[in-house]
Amino acid sequence: MQSYSNQLDTLFVSGNPVFMAHTYFGDPSEEFSLRLIDSMTKNGVDIIEFGIPFSDPTSDGPVFQRACKRALEAGMTPRRAIQGIERIRDMGIIAPVVVTSYYNIIHRMGARDFIEQIAVSGANGVIVPNLPLEECSYVYEITREFDIHLIQIVSPSTSTARLNGILQVCQGFVYVTAVSGVTGTRDNVQTGTLGLVRRVKELSSIPVLVGFGISSENHAQALVEAGADGVIVGSAICKMYEGCLHDPFVSLNKIQEFVSAVKHGCVHGMNRR
Amino acid sequence: MTQNTEHGPYFGEFGGQFVAETLMPAIKELEDAYRDITPNVSFRKKYHKYLTHLVGRPTPLYHAARLTDDLGGAQVYLKREDLCHLGAHKVNNTIGQVLLAKMMGKTRIIAETGAGQHGVATAAACAALGLECVVYMGAVDITRQKLNVYRMKLFGSEVVPVESGSRTLKDAINEALRDYAATSSTTHYVIGSVVGPHPYPTIVRDFQSVIGTETREQVIAETGRLPTHIVACVGGGSNAIGMFSAFIDDPVELIGVEAGGKGITSGMHGASITAGEPGVLHGQRSYFLQDSDGQILEAHSISAGLDYPGVGPEHAHLHAIGRVQYVSVTDDEALAGFKKLSRLEGIIPALESAHAIAYLEEIVPSLSSDDIIVVCLSGRGDKDVSMIVELEEGT
């Protein structure tokens, strides 16, 4: 059997469906984020997508825009967030961590410093929403040096020619956006998404996770049944504690139930293939 | 994986296409359309027709004799973009982009606006060309610029208030980008300045280059030679690039004037080149006002049109190679320039353009009467009068 150094690769070898949950660290407080991450990983979440709050999150919808704003107002900074990854590891959480950061944060710190620091802190991958194929070569080389996977995003409007180019540099998994546009919950999975999952599967053996607009067990089941290796959920979780910001901890039970159900949907979808 | 920097999207180390993958197909489509459609005779003829008969070009080059006497140095000429239809240079770009979008088969136009000038110019172009138009505008700016909101609605546009972030121009751009990512198959996003991902800075520069081309011909026809200096205000920098583009290879001193706000040391300003750092936002690598973590800061200027925390990437490049000198002028100095031009020439400049007028005090007295300095008077100031009245009555 092939051995992998990056834990993200190990995760997909089992063939079980994979659930990645996205949260902006520090929203509304660092302590809440740590508890949320701990609780989610104990209830079916396989990968933590660890967002570093940014002042201008152009690829995010209103829910995550508010999350970034709250986290920044509460004093979260990129360096404190990266230390947060260490805290997660100190808590004994072993789930892979994929850091999401807009490029200006990385550019400002210096890409080498940034990638080295997240690697040392225990991250396994990085997503940079505004760093498309055309601009990613510099960061790509650095991520390879530190065994951090640079996750690539594809959308239903991505042409086959672009898809081929993107798949060539893909590491870890492909992030398929279920809709064109920005993050945020939607009612239905668009048919273009299922087609895109199949297009990727025909071209490559790399795992496919689908995000943007996933907000229910049924979405998760439909996507995995159609061939996705798993799903990514973000705004739907944020919405659940956004309703009780005075004491977000009271939402943790509901969030536990929700993530368990999504994971159940993934498993059910896999069984129905 | 590396972009071709020779013909590609960079100006030196600035520019680029730092956008989400969801936007890349739209950006590539625009790149192709711009390359294939705009050089065609049919496009050029239509664009020229609108510039002549709707915008009212060419705009005059005016020798400001009383201002020249008052300053006691170089001969001062004003390029009268304030006489464009709607009162500012913005329409040169919006007519071009809306026409391009129509020829691309797009049916819907979106735009961002700060003070409302670009929104009004886009809305008018859409009315003239029969396209649906949606303008994103920060909620704070909507209350500050009621008249322009009404004008956009008169032209049949929808104005969408943006409640996120600082609720100003930067946030309106964020929101327009989000709309564009979801709707680009039917929609074209008309960016109002030489900012954003490639090909926008090039497209907007090319549509604004008419300012420089006309000025060059007019100044040579009137004086028999090139000017010695050119001054233009710089927010995103579209009027300045349009003016500078015709003189880049000439022995002409080019000066860009940024918004100094309450002074550079106060931190309350919009001077991205003078006081910002290289960064990446809104699709481009350029200079931005930002903190040590890379969080983007809010800009401040008395002039809403200069109230943007970044600058176009070509300006960043022209600064880096030393071709253009970038300076700043404070709110108070701009206000003095606003009043001086009104008093001496009977021309009320936009507060944006008043920054360029104000800088004349710095430079003109030390020049000789043989020198020729051209100021790009990018817009008229009627839009600013009521705000200034309130400001003065409040103090």
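All values derive from a computational prediction rather than experimental measurement.

*Asks:* Can you walk me through the overall build of chain B in this structure?
*Replies:* Scanning chain B from N- to C-terminus turns up 15 helices and 14 strands. Taken over C-alpha atoms, the radius of gyration comes to 20 Å for chain B, in line with the 21 Å a tight globule of 395 residues would show. Principal-axis analysis of the C-alpha atoms gives chain B an extent of 55 × 50 × 45 Å. The burial tally for chain B puts 64% of its 395 residues in the buried class.

*Asks:* What is the right way to read the sheet that holds strand β11 (residues 277–281) of chain B from this model?
*Replies:* Picture the strands of a sheet paired through backbone hydrogen bonds; they go either parallel or antiparallel. All names here are of chain B. Strand order in the open sheet made by the 4 strands is β1-β2-β12-β11, with antiparallel pairing throughout. A strand with exactly one partner marks an edge of an open sheet, and here the two such strands are β1 (10–11) and β11. Both β11 and strand β12 (residues 283–288) contribute to a ladder of 5 bridges, which runs antiparallel. From the neighbouring strand, Val-280 faces β12, where its bridge partner is Arg-285. Running over the sheet, helix α12 (residues 313–320) touches β1, β2 (14–18) and β12 and is turned about 50° from β12.

*Asks:* Would you take a moment to explain the side chain of Asp9(A) for this structure?
*Replies:* All names here are of chain A. Tracing the sequence through the fold places Asp-9 in helix α1 (residues 7–13). Buried Asp-9, no salt bridge; nearest opposite-charge side chain is Arg-144, N-O distance 11 Å. Here His-149 takes part through its side chain, which lies 2.9 Å from a polar atom of the side chain of Asp-9.

*Asks:* Just to check I follow, could you spell out a nonpolar patch on the surface for this structure?
*Replies:* A cluster of nonpolar side chains, namely Ile348(B), Val385(B) and Val389(B), defines an oily patch on the protein surface of about 180 Å² accessible area. Considering the arrangement of structural elements, one finds Val385(B) in helix α15 (residues 382–394).

*Asks:* Explanation requested: the side chain of Ser238(B) in the structure shown.
*Replies:* Residue and element names in this part refer to chain B. Relative to the assigned elements, Ser-238 resides in helix α10 (residues 238–244). For Ser-238, a relative accessible area of 2% translates into the label buried. For Ser-238, the side chain forms a polar contact with the side chain of His-89, separated by 2.9 Å. What Ser-238 contacts, discounting residues up to four positions off in sequence, is His-89, Lys-90, Gly-192, Ser-193, Val-194, Val-204 and Gln-208.

*Asks:* Explanation requested: the packing of aromatic side chains in the structure shown.
*Replies:* For any pair of aromatic rings, the description rests on two quantities: the centre-to-centre distance and the angle between the ring planes. According to the stated counting rule, one finds 15 aromatic pairs over all chains in the structure shown. Between Tyr24(A) and Phe64(A), the aromatic rings sit 5.1 Å apart at their centres with planes inclined by 85°, giving edge-to-face as the arrangement. Separated by 40 residues along the polypeptide, Tyr24(A) in strand β1 (residues 18–24) and Phe64(A) in helix α3 (residues 62–73) bring together distant segments of the chain. Site record: aromatic cluster; members linked through ring pairs are Tyr34(B), Phe43(B), Tyr47(B) and Phe207(B). Taking the ring centre of Tyr62(B) as reference, the NZ or CZ of Arg80(B) above it sits at 5.9 Å.

*Asks:* What is the right way to read the confidence of the model for chain B from this model?
*Replies:* Atom-level detail of predicted coordinates should not be read off regions where pLDDT is low. Residue and element names in this part refer to chain B. Across chain B, the average pLDDT comes to 95, with 98% of residues at or above 70. Long-range and interchain partners of residues 1–7, a stretch whose pLDDT sits below 50, account for 14 contacts in this model, where long-range means more than four residues apart. Taken together, the chains of this predicted complex give a pTM of 0.95 and an interface ipTM of 0.94.

*Asks:* How should the interface of chain A and chain B be read in this particular structure?
*Replies:* Where interface size is quoted, it is often the accessible area lost as the parts come together. Contacts between the two partners involve 40 residues from chain A and, on the opposite side, 37 residues from chain B. Interface area, chain A with chain B, both sides summed: about 3,100 Å², of which 52% is carbon and sulfur. Where chain A meets chain B, there are 4 salt bridges. Put simply, Arg162(A) and Glu21(B) hold a salt bridge, and the shortest N to O gap is 2.8 Å. Inspection of the chain A/chain B interface yields 19 residue pairs in polar contact (both at pLDDT 80 or more). Going through the elements one at a time, α3, α5 (103–109), α7 (137–145), β6 (152–154) and α8 (160–169) of chain A are the ones with two or more residues in the side of chain A that touches chain B. In terms of residue count, the dominant contributor to the side of chain A that touches chain B is α5(A) (5 residues). In terms of residue class, the side of chain A that touches chain B is built from 18 nonpolar, 15 polar and 7 charged.

*Asks:* Is there a simple way to explain α8(A) in this structure?
*Replies:* Regarding α8(A), the residues found buried are Arg162(A), Leu163(A), Gly165(A), Ile166(A), Leu167(A) and Val169(A). Those residues of α8(A) that are buried lie in contact with α7, β6, β7 (174–177) and α9 (191–203) of chain A together with α1 (24–37) of chain B.

Definitions and limits used
- Counting restarts for each chain, with residues numbered from 1 along the sequence as it is written.
- Just so you know, chain letters begin at A and ligand numbers begin at 1, following the order they were written in.
- Note on the predicted model: pLDDT of at least 70 is required for a residue's local features to be given, and 80 or more for side-chain atom pairs to be given and counted; whole-chain, interface and lining totals, by contrast, use all residues.
- Excluded from the side-chain calculation are hydrogens and water; included are all heavy atoms of the structure.
- Numbering goes from the N terminus for both helices and strands, where a helix is a DSSP run of H or I of at least four residues and a strand is a run of E of at least two.
- Each radius of gyration reported is based on C-alpha atoms, and the globular scaling rule is 2.2 Å times the count of residues to the power 0.38.
- Residue exposure (1.4 Å probe, protein chains only): buried if accessible area is under 20% of the type maximum, exposed if over 50%, otherwise partly exposed.
- Should DSSP find at least two bridges between two strands, the strands are regarded as paired.
- The contact rule is simple, with two residues in contact once any of their heavy atoms fall within 4.5 Å.
- For every element, the axis is a line fit to its C-alpha atoms; helices are fit only across the contacting stretch, and the angle between N-to-C directions ranges from 0 to 180 degrees.
- Counted as positive: Lys and Arg. Counted as negative: Asp and Glu, with His and the chain ends omitted from the count.
- Just to be clear on terms, a salt bridge is a Lys or Arg side-chain nitrogen sitting within 4 Å of an Asp or Glu carboxyl oxygen.
- Polar contacts here mean pairs of N or O atoms no more than 3.5 Å apart (in protein, one a potential hydrogen donor and the other a potential acceptor; neighbouring residues in sequence count only if both atoms are side-chain atoms).
- Exposure above 30% relative accessible area and the absence of a salt bridge qualify a residue for a patch, where like charges join within 9 Å and nonpolar side chains (Val, Leu, Ile, Met, Phe, Trp, Tyr) within 5 Å.
- Here, Shrake-Rupley sampling with a 1.4 Å probe gives the accessible areas, and only protein chains in the shown set may cover a residue.
- Pairing of aromatic rings covers Phe, Tyr and Trp, the last through its six-membered ring, and needs centres within 6.5 Å; plane angles under 30 degrees mean stacked, over 60 mean edge-to-face, and all others mean tilted.
- Distance and angle both matter: a charge sits over a ring if NZ of Lys or CZ of Arg is within 6 Å of the ring centre and within 35 degrees of the ring normal.
- Residue-level confidence of the predictor, termed pLDDT, takes values from 0 up to 100.
- Put simply, buried area is how much 1.4 Å-probe accessible surface two parts lose in total, over both of them, once they are put together.
- Just so you know the grouping, Ala, Val, Leu, Ile, Met, Phe, Trp, Tyr, Cys and Pro go in nonpolar, Asp, Glu, Lys and Arg go in charged, and all remaining residues, Gly too, go in polar.

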